[in-house]
Amino acid sequence: VEQHAVTAVLDLPATFDDYLMSIGKKERHELRRKRRRFDAEAGPSRVERRTGPEAAALFARLHRLSSGDKGTFMTDEMEELFLAMHNDAGGVIDVLVDGSDQPASAIFSFEDDNGFYLYNSAFEPEMRNLSPGNVMLSHLMERSIEDKKQVFDFLKGDETYKFRLGAVARPLYRVTATTGTSS
């Protein structure tokens, strides 16, 4: 058994206001400011749950617009995998739309009664200055709290933004097993 990575998990409180109070004054102010700015400049933001091949294609399109390795990650084969996870494995796609119903960000995740599990995300680069990823995360955390979920799991990775939003690192372990041979 060896630890090979961490996951970032946020234990959700009873209310979104309780969540905001838990992340500290600076982060609380930043999150509220980003939501207000997005709404003021792009119109009221809202998150829509999307389904079907069109949703997967939208997620893939936004992902391909990313710079660097993230943009090249979304090959045709990966898009097929995401579509299969969406169709056959319970993957969900949420889209942040602006006031004119244009997609600003998309998140691919899984959910159960206990939690929200963020698998992958992408956003419209032209909207970068409006922080669509943070705006969307705040909406999804708020919805998760309203839905009485206990955890918001950012899954594998130790990116700083996860911890600024209140997540705590939990170790991920790799277990290696071998089978014995008999003579």
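Predicted, not measured: the structure shown is a model, and the values here were computed from it.

Rules of the game
- Residues numbered from 1 in each chain as written.
- Predicted model: local features only at pLDDT ≥ 70, side-chain atom pairs only at ≥ 80, totals over all residues.
- Heavy atoms only, no water.
- Axes fitted to C-alpha atoms, helices over the stretch in contact; angles between N-to-C directions.
- Helix = DSSP H or I, 4+ residues; strand = E, 2+ residues; numbered from the N terminus.
- Parallel < 35°, antiparallel > 145°, perpendicular 65-115°, else oblique.
- Left-handed = near helix turned anticlockwise from the far one by under 90°.
- Contact = heavy atoms within 4.5 Å.
- Nonpolar A, V, L, I, M, F, W, Y, C, P; charged D, E, K, R; others polar.
- 1 Å grid on protein atoms, 1.4 Å probe; cavity = no way out; pocket = protein on both sides within 12 Å on 5 of 7 lines; lining within 4 Å.
- Points joined across faces, edges and corners; volume = space filled by probe spheres on them.
- Phe/Tyr/Trp six-rings, centres within 6.5 Å; stacked < 30°, edge-to-face > 60°.
- Buried < 20%, exposed > 50% of the residue type's maximum accessible area, 1.4 Å probe, protein only.
- Core = buried A, V, L, I, M, F, W, Y, C linked by side-chain atoms within 4.5 Å.

## Overview of the packing of helix 3 (residues 52-64) against helix 5 (residues 76-88)
Here's step 1: Put simply, helix 3 and helix 5 touch, their axes get as near as 9 Å, and they point 140° apart. As far as their axial angle goes, helix 5 and helix 3 are oblique. Note on packing geometry: the crossing formed by helix 3 with helix 5 is right-handed. Across the interface between the two elements, G52, P53, A56, A57, F59, A60 and R64 of helix 3 pack against D76, E79, F82, L83 and H86 of helix 5.
Here's step 2: Tallied by class, the residues present in the contact of helix 3 with helix 5 amount to seven nonpolar, two polar and three charged.

## Section: the layout of surface pockets
Here's step 1: What the largest pocket holds in volume is close to 670 Å³.
Here's step 2: Lining the largest pocket are 25 residues, with K70, S121, A122, F123 and Y161 sitting closest to its centre.
Here's step 3: Those elements that place two or more of their residues in the lining of the largest pocket are helix 4 (68-73), helix 5, strand 4 (103-111), strand 5 (115-123) and helix 6 (132-146).
Here's step 4: Sorting elements by how many residues they give to the lining of the largest pocket places strand 5 first, with six residues.
Here's step 5: Split by residue class, the lining of the largest pocket holds 13 nonpolar, nine polar and three charged.

## Considering the packing of aromatic side chains
Within a pair of aromatic rings, the relevant descriptors are the distance that separates the centres and the angle that separates the planes.
Here's step 1: All told, the structure shown has twelve aromatic pairs when counted by the stated rule.
Here's step 2: Here the aromatic rings of F116 and F152 are separated by 4.8 Å at their centres, their planes lie at 15°, and the arrangement is stacked. Remark: F152 occurs in strand 6 (residues 151-156) and F116 occurs in strand 5; sequence separation between them is 36 residues.
Here's step 3: Its relative accessible area of 0% is what places F152 among the buried residues.
Here's step 4: Through successive ring pairs, a cluster of aromatic residues spans F59, F73, F82, F108, F110 and Y119.

## Describing the packing of helix 2 (residues 25-42) against helix 6
Here's step 1: Orientation of helix 2 relative to helix 6, taken along the N-to-C sense of each, is 110°, at an axis distance of 9 Å. For the element pair helix 2 / helix 6, the angle class is roughly perpendicular. Two secondary-structure elements touch here, helix 2 through L31, K34, R35 and F38 and helix 6 through P132, N134, V135, S138, H139 and E142.
Here's step 2: Of the residues in the contact of helix 2 with helix 6, the class split is four nonpolar, three polar and three charged.

## Comments concerning the nonpolar core
Here's step 1: By size, the foremost hydrophobic cluster in this structure holds 27 residues, and its most contacted members are Y19, F38, L137, M141, F152 and F154.
Here's step 2: If you list the elements that add at least two residues to this core, you get strand 1 (2-11), helix 1 (16-22), helix 2, strand 4, strand 5, helix 6 and strand 6.
Here's step 3: Among the elements that line this core, the one with the most residues is helix 6, at six residues.
Here's step 4: Aside from chain neighbours lying at most four places away, what touches Y19 is L10, P13, L31, M141, I145 and L165.
Here's step 5: Counting 15 residues, the second largest nonpolar core, distinct from the first, contains A55, L62, F82 and F108.

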